Every structure is written in C-alpha cells, then in structure tokens.
Amino acid sequence: RVANVDACYLRRLWEAETSVRERLEALLSAPSDTSIQAAQTVDDLERRQNITYAPRQREAVELAAQQNVLILTGGPGTGKTTTVRGIVALFQKMGLDIVLAAPTGRAAKRMSELTGVEAQTVPRLLGMSWSETTRQVTFAKTEKEPLETNAVIVDEMSMVDLLLFSALLRALRPGTRLV
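Keep in mind the model is a prediction, meaning the values are calculated, not measured.

How each quantity is defined
- Residues numbered from 1 in each chain as written.
- Predicted model: local features only at pLDDT ≥ 70, side-chain atom pairs only at ≥ 80, totals over all residues.
- Heavy atoms only, no water.
- Buried < 20%, exposed > 50% of the residue type's maximum accessible area, 1.4 Å probe, protein only.
- Helix = DSSP H or I, 4+ residues; strand = E, 2+ residues; numbered from the N terminus.
- Contact = heavy atoms within 4.5 Å.
- Polar contact = N/O pair within 3.5 Å; in protein donor to acceptor, adjacent residues only side chain to side chain.
- Pairing = 2+ DSSP bridges.
- Right-handed = clockwise from strand over helix to strand, strands pointing away.
- Salt bridge = Lys/Arg side-chain N within 4 Å of Asp/Glu carboxyl O.

**Description of helix H7 (residues 162-170)**
Residues separated by three or four positions in an α-helix point in the same direction, a consequence of the helix having 3.6 residues per turn.
Then step 1. Along H7, the positions that sit buried rather than exposed are Leu 164, Phe 165, Ser 166, Ala 167, Leu 168 and Leu 169.
Then step 2. Buried-residue contacts for H7 involve helix H1 (11-29), helix H6 (122-125), strand S4 (136-139), strand S5 (151-154) and strand S6 (177-178).
Then step 3. Residue Asp 161 occupies the N-cap position of H7, its side-chain oxygen lying 3.3 Å from the main-chain nitrogen of Leu 163.

If you want it as structure tokens, here you go:
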C-alpha cells in the first residue's frame, strides 16, 4: 500500500528506492567533522575570492562545512554556481579529496569550466558498463570497491534517475560528504 492505495511497484525500483533511503539515512547519521570554524572559513574564502556571499549562499557554504549531505536548489541566476565554487574552495581548504560529477558530458564540462576542477559524468565515475552475460548495467564502483574520495558534488541532480542515484550512494564510503 502506498498512501492508503494498493499499488504495484517494479521490484528493482523498490529495491533502489529503499537503498537510497537507507544510504542517505546512514550518510546523515554518520559523524561529521564539526571542528572547522565555518563562519571564519567562509570569511577567509570571501577575502581570497574577493566576493561577498548573499546570506543564503553563505549559509549553504557553512552548512557544507558541517553536514554530510547538502541539497542546493534554486532557479537560474540565484547563485548556485558561485555557491558551488565556494563549497569546492571550502572542501579544498579542509583537505578533502573532491570529486565533481554531472549526469551528462556537457554538464560535466560546464561544471569543470565554472569551478576549475575536473568533473566527469556519474556513469564514468562509477565505471558503468554493460554485461552481455547478465544483460544488465554493472558498475565497477560499489560497496565492495567504493570511490576513494571524501566529498562528491553532483550538478544537475534532477537529471539523475533513481537507479543511477542508488548506484552512486552504494559507491560512497561511510562519512563521505555529498552535495
């Protein structure tokens, strides 16, 4: 039953959705490094980058310093790119290994150009391939062979489907930051 209505769900989608919930809960509940002085660090970033963040941008960068999971939303022209650049600079200052990803090659290229850090597609990041034997998509990066990174920033997340998001979360080590 879903919302008091009998419903049918494809098993693989139900499993992916359940996995996403469980893994997000695990990321959210993992201890995070709260020793960093977020406000002071953002002040330093503003001086180094010669910018002043809007209050919501500043809040987002500070939250990225303190939380394991951050969702950054906003319409065109609201400063998401500037905020992501600030988060990248913050993570670099924290000494984190950062991976930038996007669902498409074009979005990854744009992300690289705007941040100055190499980005790749989510499928490439996960080592996605097709198995002729099982006739299914497989991933090289999984729980058994996770990504070697402390932080993952994904742009254009609305273009990532449930199955790919589930695969991404399975490839993250406990305590990895996700933006």
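Read on, since the account is not over.
**Observations regarding the sheet that holds strand S2 (residues 119-121)**
Then step 1. One open sheet accounts for four strands, arranged S2-S1-S5-S6; its pairing is parallel. Either end of the sheet is taken by a strand with one partner, and the two such strands are S2 and S6.
Then step 2. Judged from the three bridges that link them, strand S1 (residues 98-102) and S2 form a sheet pairing that is parallel. Within the sheet, the bridge partner assigned to Ala 101 lies in S2 and is Gln 120.

**Comments concerning the pairing of S1**
Then step 1. Among the five residues of S1, five are classified as buried, and the element is accordingly described as predominantly covered.
Then step 2. The alternating pattern of S1 places Ile 98, Leu 100 and Ala 102 and Val 99 and Ala 101 on opposite faces, both of which are buried.
Then step 3. Here S1 pairs with S5 via four bridges, running parallel. Looking across to S5, one finds that Ala 101 is bridged to Val 154.
Then step 4. Crossover handedness for the path S1 to helix H5 (residues 105-115) to S2: right-handed.

**A look at the pattern of salt bridges**
Then step 1. Taken as a whole and assessed by the stated rule, the structure comprises 15 salt bridges.
Then step 2. Glu 46 is the partner of Arg 58 in a salt bridge, and the nearest nitrogen-oxygen pair spans 3.2 Å. Taken together, the positions of Arg 58 in helix H3 (residues 55-66) and Glu 46 in helix H2 (residues 38-49) put the pair twelve residues apart, joining distant regions of the chain.
Then step 3. Each member of the salt-bridge network shares a partner with another, and the members are Asp 43, Glu 46, Arg 58 and Glu 62.

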